[in-house]
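# Close look at the chain arrangement
Residue strings, one per chain:
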Amino acid sequence: MKILIRLFLGITALLLCIVIISRAGQDETTKKRPAQPQRDYPVKPVPFTAVHLNDKFWAPRIEINRTVTIPFAFQKCEENGRIENFNRAAAALKGELKDKKLPPYPFDDSDLYKVIEGAAYTLSVHPDPKLEAYVDGLIEKIAAAQEKDGYLYPARTINPEKPHPWAGAARWELEKVDSHELYDLGHLYEAAIAYYQATGKRSLLEIALKTADLLDKTFGPGKQSIWPGHEITEMGLARLYRATGDERYLKLAKFLLDARGPDGAKGSGRIYNQSHLKVVDQTEAVGHAVRATYLYSGMADVAALTGDLSYINAIDKIWENVTSAKLYITGGIGASGSGEAFGANYELPNMTAYNETCAAIGNDYWNHRLFLLHADARYIDVMERTLYNGLISGVSLDGKLFFYPNPLESNGQHQRSPWFGVACCPGNITRFLASVPGYVYAQQGDKLYVNLFAASTADIKLDNGRRVKLVQETRYPWDGGVKMTVDPDRSGAFTVNVRIPGWARNEAAPGGLYRFIDRVDDAVTLKVNGSGIPLNIEKGYASINRTWKRGDVIELALPMPIRRVIANELVEADRGRVALQRGPIVYCAEWPDNPQGHVRNLMLADNAKLTAEFKPGLLGSVTVIRGNAVALAYDQHNKVIKSEQEFTAIPYYAWANRGPGEMIVWIPTNEAAARPLPRPTVASMSKVTVSGGRNPRAINDQAEPKSSEDASNTYFHWWPRKGTTEWVDYTFEKSAAVSEVEVYWFDDTGHGECRAPRSWRILYKDGDQWKAVENREAYGVEKDRYNKISFKPVTTSALRLEVTLQPNWSAGIQEWKVK
Ligand SMILES: [Zn+2]
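What comes next is a walk through the structure. If you're wondering where the values come from, they're calculated on a predicted model, not measured in any experiment.

### Comments concerning the overall build of the protein chain
Within the protein chain, the secondary structure is distributed over 16 helices and 31 strands. Relative to the compact-globule value of 28 Å for 819 residues, the protein chain shows a C-alpha radius of gyration of 28 Å, a close match. The principal-axis extent of the C-alpha atoms belonging to the protein chain is close to 90 × 75 × 50 Å. Counting every position in the protein chain, which comprises 819 residues, the buried fraction comes to 59%. Residue pairs at least 24 apart in sequence account for 71% of intrachain contacts in the protein chain once pairs closer than 6 positions are excluded. When the accessible area of the protein chain is evaluated, it comes to approximately 31500 Å², of which 51% is carbon and sulfur surface. Measuring between centres, the 100 positive side-chain charges of the protein chain sit 2 Å from its 97 negative side-chain charges.

### Quick notes on the sheet that holds strand E15 (residues 552–557)
An order of E2-E6-E7-E8-E15-E11-E12 is seen for the 7 strands of this open sheet, with the pairing classed as antiparallel. Only two strands of the sheet have a single partner each, and these edge strands are strand E2 (51–53) and strand E12 (531–532). Pairing of strand E6 (residues 456–461) with strand E7 (residues 467–474) involves 6 bridges; the strand directions are antiparallel. Note on E7: the bridge partner recorded for serine 456 is glutamine 472.

### Brief notes about the pattern of salt bridges
Should the charged atoms of two oppositely charged side chains come close, the side chains can pair. Applying the stated rule across the entire model yields 57 salt bridges. In this structure, arginine 202 and glutamate 206 form a salt bridge, with 2.9 Å as the shortest nitrogen-oxygen distance. Like glutamate 206, arginine 202 is buried. Put simply, arginine 721 and glutamate 726 hold a salt bridge, and the shortest N to O gap is 3.0 Å. Through salt bridges with shared partners, a single ionic network connects Asp213, Asp216, Lys223, Asp246 and Arg248.

### Things to note about the sheet that holds strand E1 (residues 44–45)
Spatially, E1-E4-E5-E9-E14-E13 is the arrangement adopted by the 6 strands of the open sheet, whose pairing is mixed. Here the strands that pair on one side only, and so sit at the sheet edges, are E1 and strand E13 (537–538). In terms of strand pairing, E1 meets strand E4 (residues 441–444) through 2 bridges, oriented antiparallel. By the bridge assignment for E4, lysine 44 is matched with glutamine 443. Lying on the sheet, helix H15 (residues 377–391) is in contact with strand E9 (492–499) and strand E14 (541–548); it crosses E9 at an angle near 50°.

### Thoughts on the packing of helix H5 (residues 108–125) against helix H8 (residues 181–199)
Viewed as axis vectors pointing N to C, H5 and H8 meet at an angle of 20°, and their least axial separation amounts to 8 Å. As far as their axial angle goes, H8 and H5 are roughly parallel. In this structure, the crossing between H5 and H8 has a hand that is left-handed. Within the contact between the two elements, H5 uses Asp109, Ser110, Tyr113, Lys114, Ile116, Glu117, Ala120, Tyr121, Leu123 and Ser124 and H8 uses Tyr183, Asp184, His187, Leu188, Glu190, Ala191, Ala194, Tyr195, Ala198 and Thr199. Its residues placed into classes, the contact of H5 with H8 shows 11 nonpolar, 4 polar and 5 charged.

### Comments concerning the coordination of the zinc ion
All of the protein donors around the zinc ion are Glu356 (OE), Cys358 (SG), Cys424 (SG) and Cys425 (SG); their distances to the metal are 2.1 to 2.3 Å. Geometry at the zinc ion is tetrahedral, judged from the 4 donor atoms that bind it and their angles of 92 to 118° at the metal. Read in sequence order, the donor residues coordinating the zinc ion give the pattern E-x1-C-x65-C-C. We classify cysteine 358 as buried; its relative accessible area is 1%.

### A word on the environment of tyrosine 653
Counting through the fold element by element, tyrosine 653 comes out in the loop between strand E22 (640–651) and strand E23 (662–664). When its relative accessible area of 2% is taken as the criterion, tyrosine 653 is described as buried. The sequence separation of tyrosine 653 and isoleucine 64 amounts to 589 residues, and the corresponding C-alpha distance is 16 Å.

### Notes on empty space enclosed by the protein
Going through the model one piece at a time under the given rule, you end up with 4 cavities of 30 Å³ or more. If you add up the space inside the largest cavity, you get close to 110 Å³. Lining the largest cavity are 15 residues, and of these Trp503, Ala504, Pro559, Pro561 and Arg563 sit closest to its centre. Tallied by class, the residues present in the lining of the largest cavity amount to 8 nonpolar, 3 polar and 4 charged. The computed volume of the second largest cavity comes to approximately 80 Å³. Here the element with the most residues in the lining of the second largest cavity is H15; it accounts for 3 residues. Its residues assigned to classes, the lining of the second largest cavity comprises 5 nonpolar, 2 polar and 5 charged.

### Here we look at the pairing of strand E20 (residues 610–615)
Successive side chains on a regular strand alternate, one facing one side of the sheet and the next facing the other. Of the pairings in the sheet, the one linking E20 to strand E21 (residues 622–634) comprises 6 bridges and is antiparallel in character. Across the sheet, residue threonine 611 finds its bridge partner in E21, namely arginine 626. Counted between consecutive antiparallel strands, the loop separating E20 from E21 contains 6 residues, among which glycine 617 sits at a positive phi close to 90°.

### Remarks on the side chain of threonine 474
Looking at the secondary structure, you find threonine 474 in strand E7. By relative accessible area, threonine 474 is classed as buried at 15%. A distance of 2.9 Å separates a polar atom in the side chain of threonine 474 from the backbone nitrogen of tyrosine 476. A distance of 2.8 Å separates a polar atom in the side chain of threonine 474 from the backbone oxygen of glycine 481.

Conventions adopted
Within every chain, residues take consecutive numbers counted from 1 along the sequence as written. Local features are withheld for residues below a pLDDT of 70 in this predicted model, meaning they are given only at 70 or higher, and side-chain atom pairs are given and counted only at 80 or more; totals for whole chains, interfaces and linings count all residues. For the side-chain quantities, the full set of heavy atoms in the structure was used; hydrogens and water were omitted. For the purposes of this entry, the term helix denotes a DSSP run of H or I that reaches at least four residues, the term strand denotes a run of E that reaches at least two, and both are numbered from the N terminus. Atoms considered for the radius of gyration are the C-alpha atoms alone. The globule rule reads 2.2 Å times the number of residues to the power 0.38. A 1.4 Å probe rolled over the protein chains alone gives each residue an accessible area, and that area as a share of the maximum for its type sets the label: buried under 20%, exposed over 50%, partly exposed in between. Contacts between residues were defined by any pair of non-hydrogen atoms, one from each residue, lying within 4.5 Å. All accessibility values rest on the Shrake-Rupley procedure with a 1.4 Å probe; residue burial counts only the protein chains present in the view. Charge counting treats Lys and Arg as positive and Asp and Glu as negative, with His and both chain ends excluded. Charged side chains are reduced to one point each, which is NZ for Lys, CZ for Arg, CG for Asp and CD for Glu. Only strands joined by at least two bridges in the DSSP assignment are considered to pair. Between Lys or Arg on one side and Asp or Glu on the other, a salt bridge is scored when a side-chain nitrogen of the former is within 4 Å of a carboxyl oxygen of the latter. Here an axis means a line fitted to C-alpha atoms, over the contact stretch when the element is a helix, while the angle between two N-to-C directions is reported on a 0 to 180 degree scale. Relative orientations are named as follows: roughly parallel for angles under 35 degrees, roughly antiparallel for angles over 145 degrees, roughly perpendicular for angles from 65 to 115 degrees, and oblique for any other angle. In this scheme the handedness of a crossing depends on how the near helix is turned from the far one: anticlockwise by less than a right angle means left-handed, clockwise means right-handed. Gly counts as polar in this scheme, as do all residues outside two lists: the nonpolar Ala, Val, Leu, Ile, Met, Phe, Trp, Tyr, Cys and Pro, and the charged Asp, Glu, Lys and Arg. For Na, K and Ca the donor cutoff is 3.2 Å, while for all other metals N, O and S atoms count as donors only within 2.8 Å; water does not appear among the atoms, so some sites may look incomplete. Square planar and octahedral assignments, for four and six donors respectively, both demand that opposite donors be over 155 degrees apart and that all other angles lie between 65 and 115; tetrahedral needs four donors with all angles between 85 and 135 degrees, and anything else is irregular. Every definition here rests on a 1 Å grid over the protein atoms only: cavities are sets of points where a 1.4 Å probe fits but cannot get out, pockets are open sets enclosed by protein on both sides within 12 Å along at least five of seven lines, and lining residues have some atom within 4 Å of a point. Grid points are joined across faces, edges and corners, and a volume is the space filled by probe spheres set on the points. We call two N or O atoms a polar contact when they sit within 3.5 Å, provided that within protein one can donate a hydrogen and the other can accept it, with sequence-adjacent residues counted only if both atoms are side-chain atoms.

Keep in mind these numbers describe shape, not what the thing actually does.
Given below as structure tokens:
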């Protein structure tokens, strides 16, 4: 009822606005009630406002998102100047700004827009006058920062004479490179429509429309050409078209897609932002992974709205590429930290997996859209895998700490952070989690699709006008039993398509990149009113077409044995290893649950018996996997010692909630792949301090590099510092006599800016002073090997490795050993 009242108020507000507001250059169509687009996705999602989750998995998360994460993210936006940026731009417009300090990044606005979008979704289902008043206040600040002609971009408005260096001297000049002017607007559109639909207030929508009208005046056939350096504007404009019925926005979205590609202008023709080819000619997922998924989602939207098959052909091929060669078992994508990008085919390293949280979210946006286009459950299989694993791993259980990358193995160097300098991920989490109920159902004509399983009630309106109340009772994802009560408003024939997940049909993941080690023939069963019905699975759905009446009950049983997953042999990082999965949940072994706090030295035999056990209270109540594993360690003679020990695995998404330590998803199954625990050394026991740089733990982690460029383990680096003199100190546990060191340099010639250094030397601590050791050999700077020097023995409490970087190059260290 509240929703109805809101809708009524919304319509009233809209009508009032139409009477009161007269915008220059406004197209007639925007004044009308939005017409349904002539054409759209053949399948339509049941909106999140119509699905009420009351389960123990999602509902608590969505509540934490509402009560903790969203207020926390707003607070961080306040603290980090993301709101002040708008105030400063407003003051600049009035000529009242003295200090012209610019935002650190020109895309800082987008973080605020994303949290507003998240807040809008929660307001749609959970009215909160205080939150709404707060957002209204933010919108006033955003409005005040908008220039007269609609341009909205504090990074320039604050100081037009000397704008942000990424922004360029003139508007849009560096859009194809780094300015993110259009990117910010894309997120503004998403937020504006969400807020309008939630509250009926047009305040943010009017700001958005003013910017979109400026874009329409500036760009298009016969006008200037442009495409967004960071995609999302296309999705935003498509949504703006749906909300207003104004075709100019759809045409502009299509124009931005078609204009993308190499044209000789600065910033174009780069793989990094998918401008290396015309979008319709792209067949492989490349470049920055978040940009890519937003591009593919925008292509799906415009294809759905225009019927342009060439976009669909392209994203279908790209999807085949991702699922056959570039998708992690967790559903994460974007393997490489360098450029936050997709790697080569089968390049899926675990410890250095980048897997940005935003890319997982983008992957779900994209796969959901592909489902809406093709009505095929394989896209939901990918979406579900990402959702339960590599996406929600991005936020801590308490809702206040975030992962930017989501690696599949850790030596303890990865920790969640409350915020980031580039803070795209937390805001994306807020908007995605708030809208999760919108991914449960979809409908087309007289067909109702059940895509996700979660205890819930839903009020679904089918295209044919029929209303169906659907109640799900289930303990999913911990149990595969799902009872669905179907309550149509009147008896009649329609089809309920129940998704039978690939993992329940012996398919580990679509695309063939992963497979189960064994076949399990525990049958999936489906009953209607207690009678079994045959499973005729088509496109991943068991179709039940019958005359439904009130109180009919569907019972689905999805057996959830523990499954061992292996990867395609071409994935080098997973060779000789197995991952564990139960239902949709991918598991990892983490340090707190396993003896001695080590898991990277474990080996799990293929025939080791594993059992599942539900642990109420652990990590928010999870099912763990238990069994026995073999731990490997080197003894003093460098011989490998094996010992059997208890083994526990937890859901991957729940790791890193109990402090830093070891974690592993892909567990070795044989000795060749195993990594025996090295014996402690003077170096490994030392406290590492550095002059700067990243990953100091990598310097003494005893991970043996394969080469200087080896990125499969972690390495330490000083990038972006170049040409400087830097240092690393080892402070020993107690004074030790030492006479030899070996250093393995990190050097990423060909991809990055680290080189072996110009020179280095070793100093030892004598009282309060650092003194150079008397070395017997020259200090080597060779790549792909240890550079060893011996020196006159010293007894000391600490050693310093002093490194002078090559001019114009940075440097890094794979490992530093001491004897
Ligand atoms: Zn991000």
